[in-house]
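Survey of secondary and tertiary structure
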Amino acid sequence: MEHILIFDLGGVLMQHDMAGCIAAFTRLMGTEAMQQVLGLCPNGEGVDGSLMDRFECGMVDEQEFVDTLLSVSRPGTTAEDIVAAWNTMHAGIPLERLERIREWQQEGNHILLLSNNNALHYRDVMDHYDMSMFDYCFASHLVHVRKPDAGIFAHVQQFIDSQPWSGLPICFVDDLAANRVAAESFGWRTFPDIDSLVNYHL
């Protein structure tokens, strides 16, 4: 039976290097500015209302994001340093994960991406990986709302309902429990990782 498979990016497809990212920003601006201005959490999420949170909701553009961090960074820090530190969070997508998803797509399943994301990270992923197996990619900075807010799930559900393949069972893979709970309220079956979806035997 065909399914609609929806995948998170960071923590499910993309490996995180949070320790490396935190260390990079600590060098550039110190711990206090990193936490209070950037709002970076150890799990990769942004503190509500922080610069990171607003960047991921598309309320702050790339230039304002970088300029704000430059204003609290140590003398000599460049925009390139900020972008490099930010992209340190991405530790790569294992190709076997993308290959597994492509196999599901070739088996007739419909593949979506649903990610709390931002302009810099989104471009970094799309520039370096073939994501053509996804029917559509939903990113928080384009939708202007972040998981686990119900609004982003409603947006995706509305898209699904408009498709000729609506009505198929929906499986959602996300490593954060709060996001899975929010998705379950829409009737989606949830999984914490790709291995658990493999074991589900689509």
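From a predicted model like this one, the values you see are computed outputs, not experimental measurements. (Residues numbered from 1 in each chain as written. Predicted model: local features only at pLDDT ≥ 70, side-chain atom pairs only at ≥ 80, totals over all residues. Heavy atoms only, no water.)

Details of the packing of aromatic side chains
Evaluation of the coordinates by the stated rule reveals 15 aromatic pairs. For the ring pair Phe 172 and Trp 188, a centre distance of 5.6 Å and an interplane angle of 65° mean the geometry is edge-to-face. Here Phe 172 is found in strand β4 (residues 170–173), whereas its partner Trp 188 is found in the loop between α9 (177–184) and β5 (189–191), with 16 residues between them in sequence. Residues Phe 172 and Trp 188 agree in their burial class; the two are buried. (Phe/Tyr/Trp six-rings, centres within 6.5 Å; stacked < 30°, edge-to-face > 60°. Helix = DSSP H or I, 4+ residues; strand = E, 2+ residues; numbered from the N terminus. Buried < 20%, exposed > 50% of the residue type's maximum accessible area, 1.4 Å probe, protein only.)

Thoughts on the packing of helix α3 (residues 62–71) against helix α6 (residues 119–128)
One can describe the packing of α3 onto α6 by two numbers: an axis separation of 9 Å at closest approach and a directional angle of 115°. Here α3 contributes Glu 62, Phe 65 and Val 66 to the contact with α6, which in turn contributes Ala 119, Leu 120 and Arg 123. Partitioned by chemical class, the residues of the contact of α3 with α6 number 4 nonpolar, no polar and 2 charged. (Axes fitted to C-alpha atoms, helices over the stretch in contact; angles between N-to-C directions. Contact = heavy atoms within 4.5 Å. Nonpolar A, V, L, I, M, F, W, Y, C, P; charged D, E, K, R; others polar.)

Focus: the nonpolar core
Phe 7, Leu 13, Ile 101, Trp 104, Phe 134 and Leu 197 are the most contacted members of the largest nonpolar core, which totals 24 residues. Mapped by element, the contributors of at least two residues to this core are β1 (4–7), α5 (95–106), β2 (110–115), α6, β3 (136–139), β4 and α10 (194–199). Counting residues per element, this core draws most heavily on α5, which supplies 3 residues. With near-sequence residues (within four places) excluded, Phe 134 lies in contact with Phe 7, Leu 13, Ile 101, Ile 111, Leu 112 and Leu 113. The next biggest cluster of nonpolar side chains, apart from the first, holds 22 residues, and it includes Ala 24, Phe 55, Val 66 and Leu 120. (Core = buried A, V, L, I, M, F, W, Y, C linked by side-chain atoms within 4.5 Å.)

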